[in-house]
Amino acid sequence: MSDPAVIRIKPYHYIHILDNNLNVTRVEVGPQTFTRQDHEKLVTGPEAMVMIPPRHYCIIQNPVERKDGKIALDKLNQIRVRHGDEEIRFEQEPFPLYPGEKLFGKVSPLQVVAPNTALKLRCIRDYTDGKIKRVAGDEWLFEGPGTYIPRVELQVVEIVRAIIVKPNEALRLRARKEFVDTQGNKRKAGEEWLVREAGAFLPMVEVEVVQTIAAYVLTDKKALHLQSTRTFVDVFGKERKAGEEWLVTLEDTETHIPDVYEKVIGEIKITTLTSRQYAVVLDPVGADGKPQMGKRELRKGEAVFFLRPGERLESGIQNVHVLDSEEAILLRAREAFVDGESKRKPGDRWMIYGPDDYVPPVEVEIVEKRRAIPLDENEGIYVRDLKSGKVRLVKGQAYMLSPYEELWEKDLPAVVEELLAKGNAGKDAKGQPQARNKTRAVTYRTPHNSAIQIYDYKAKKARVVFGPELVMLGPDEHFTILSLSGDKPKRPHVIKSLHLFLGPDFTTDIVIVETGDHARLSL
């Protein structure tokens, strides 16, 4: 179909006409009635002009060149076009597209940036923005509220939304590169810090949000144990050395958000002492805040305290030692100190007698708790003097060991132990023979009409006790074991006994008699 000779162009429409003689394409704009010549050809149209309403824009590819507000022509009167370039046009009168120009996409509304949001922009070609020189690759934020006016030199990377920092929360940030933040602080690449202010926080392009940190709530019964990972100044304005440990309590703050250089070791519960309790703290922290290694500190109730880093309790929380009238505590001095009017030297031993209650100072070690031993006339104990080594027998009284005395165990031969077990015939709850208490005096009931021999190895004397009698051995005395013949016919060493009956009125034996005629009789 041949092109019409007469073309009626409506208002706000245009056509492209090719002059075959000059090989140049020109634009005719309506309203008009255009009569086409024979050497002319209709290339495009009629087409509606591009209309950009208020607060809209469009992108034109291969835009025409303009000089002093007019379209630039080359020497052949052909419209000059910036090939491969783009141009953004905003609200204006309707305009036609010149030969070579293309509308990229469609007419779009300007992007409105809401409050607490921002556009992350990237420069794709160098340009000057007022007094700021932008270089390709630069990134920055266009913060709302506002209307973003696009440029061909810029690319919208993403929409950045503000992070809401709630009370008792903080944002942990990391610098992607070296820059100066909004507060004027110089940040180095890889550096981390916290934003503690509650509200909306819009991270800059140079910042990476690592995580949201919740605060630890401190009470009068709970503290926070922290450790420094490097030397820095904490939120309380105190310098902390690398590896240093400390506590944050309710006296410091009600809530605490650990800094980037603070490592939370754990939560420490409060230690409570009643009026009848005490505790010994090892390596206590001094006034300078440093542990006093090797020292011990006594803390009496009523008291409440937190164990500082490095401190620990010796044997936990202990009860006050309450003594009745028959009890005492044996003490030993760890180091030299003054005990009232007495000067104690290391290793000294003494006793505190009841009735009383006692809390040992740190210079004193409790060896044991003693009780008076009640003894009947027929009961006794062996007591050894630690200074001289002498052992003596104590009987028939309630006896309390002195500081330099201890109970001594008397060992007996196995045969004697067996014979004593048979003679005493005591049994425990399970029906088994009771084991002998070696610190108790050895006693033996000598039967009627019998005798028992006891030998004192120290005095080198023997004594004989006739029954009935209760024999009690001294520390150096031992029973004489009798080995008697027995059985029929008689065999030696059949009977083992501690006592010997006096004169039995009969005895039995088997006697073999041989007669003269060699007859053998068993009588």
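Structure first, text after, so check above.
The structure displayed is predicted, hence computed values, not measured ones.

Novice: Explain the overall build of the protein chain residue by residue, including any values.
Specialist: Within the protein chain one finds 1 helix and 60 strands. Relative to its length of 523 residues, the protein chain is extended, with a C-alpha radius of gyration of 56 Å against a globular reference of 24 Å. Overall size of the protein chain, expressed as C-alpha extent along the three principal axes, is 185 × 80 × 35 Å. Every one of the 523 residues in the protein chain was classed for burial, and the buried ones make up 34%. Restricting the contact set of the protein chain to residue pairs at least 6 apart, pairs at least 24 apart contribute 59%. Side-chain charges of the protein chain comprise 79 positive and 79 negative groups, with the mean position of each set lying 2 Å from the other.

Novice: Kindly report on the sheet that holds strand 38 (residues 312-319), identifying the contributing residues and their values.
Specialist: Spatially, 36-35-38 is the arrangement adopted by the 3 strands of the open sheet, whose pairing is antiparallel. Looking at strand neighbours, the two that pair on one side only are strand 36 (296-300) and strand 38, the edges of this open sheet. Along the sheet, successive strands turn relative to each other by an average axial angle of 15°, direction set aside.

Novice: Hey, could you go over the nonpolar core for me, with residue numbers and the actual values?
Specialist: With 16 residues, the main nonpolar core has Leu420, Val442, Ile452, Phe479 and Leu498 as its most contacted residues. Those elements that provide at least two residues to this core are helix 1 (414-424), strand 52 (450-456) and strand 54 (469-472). Top element by residues in this core is helix 1. It accounts for 3 residues. When sequence neighbours within four positions are dropped, the list of residues in contact with valine 442 reads Tyr382, Lys410, Leu412, Leu420, Arg436, Val471, Met472, Leu473 and Phe479.

Novice: Any details on the sheet that holds strand 40 (residues 327-333)? Residues and values, ideally.
Specialist: If you trace the 3 strands from one edge of the open sheet to the other, you get 43-40-45, paired in antiparallel fashion. Each having just a single partner strand, strand 43 (349-353) and strand 45 (364-371) make up the two edges of the open sheet. Strand-to-strand, the axes of this sheet are offset by a mean angle of 25°, without reference to chain direction. Sheet analysis places strand 40 next to strand 45, joined by 7 bridges and oriented antiparallel. Along strand 45, the bridge assignment pairs glutamate 327 with arginine 371.

Novice: How would you sum up the pairing of strand 7 (residues 56-61)? Please name residues and give values.
Specialist: The sheet contact formed by strand 7 and strand 12 (residues 102-109) spans 5 bridges and is antiparallel. Among the inter-strand pairings, glutamine 61 is bridged to a residue of strand 12, identified as lysine 102. Bridge count between strand 7 and strand 10 (residues 86-89): 4 bridges; the pairing is antiparallel. Paired with isoleucine 60 across the bridge in strand 10 is glutamate 87.

Novice: Describe unusual backbone geometry, and please don't skip the residues or the numbers.
Specialist: Geometrically, the link from glycine 45 to proline 46 is a cis peptide bond, its omega value of -5° lying close to zero. Among the structural elements, proline 46 can be located in strand 5 (residues 40-48). Cis rather than trans, the peptide bond between glycine 354 and proline 355 has omega equal to 5°. One non-glycine residue, tyrosine 12, lies in positive phi territory at about 60°. The class for tyrosine 12 is partly exposed, based on a relative accessible area of 45%. Phi at arginine 55 is positive, roughly 60°, even though this residue is not glycine.

Novice: Tell me about the layout of surface pockets, residues and numbers included.
Specialist: To find leftover empty space, a probe the size of one water molecule is rolled over the atoms. Put simply, the second largest pocket is a space of about 480 Å³. Around the second largest pocket sit 22 residues that line it, and Lys238, Arg240, Glu244, Trp246 and Gly289 are the ones nearest its centre. Sorting elements by how many residues they give to the lining of the second largest pocket places strand 31 (residues 245-248) first, with 4 residues. Residues belonging to the lining of the second largest pocket are distributed by class as follows: 8 nonpolar, 3 polar and 11 charged.

Conventions used here
- Residues numbered from 1 in each chain as written.
- Predicted model: local features only at pLDDT ≥ 70, side-chain atom pairs only at ≥ 80, totals over all residues.
- Heavy atoms only, no water.
- Helix = DSSP H or I, 4+ residues; strand = E, 2+ residues; numbered from the N terminus.
- Rg over C-alpha atoms; globule rule 2.2 N^0.38 Å.
- Buried < 20%, exposed > 50% of the residue type's maximum accessible area, 1.4 Å probe, protein only.
- Contact = heavy atoms within 4.5 Å.
- Lys, Arg positive; Asp, Glu negative; His and termini not counted.
- Charge placed at Lys NZ, Arg CZ, Asp CG, Glu CD.
- Pairing = 2+ DSSP bridges.
- Axes fitted to C-alpha atoms, helices over the stretch in contact; angles between N-to-C directions.
- Core = buried A, V, L, I, M, F, W, Y, C linked by side-chain atoms within 4.5 Å.
- 1 Å grid on protein atoms, 1.4 Å probe; cavity = no way out; pocket = protein on both sides within 12 Å on 5 of 7 lines; lining within 4 Å.
- Points joined across faces, edges and corners; volume = space filled by probe spheres on them.
- Nonpolar A, V, L, I, M, F, W, Y, C, P; charged D, E, K, R; others polar.

Note that all results are geometric; they support no functional claim without further evidence.
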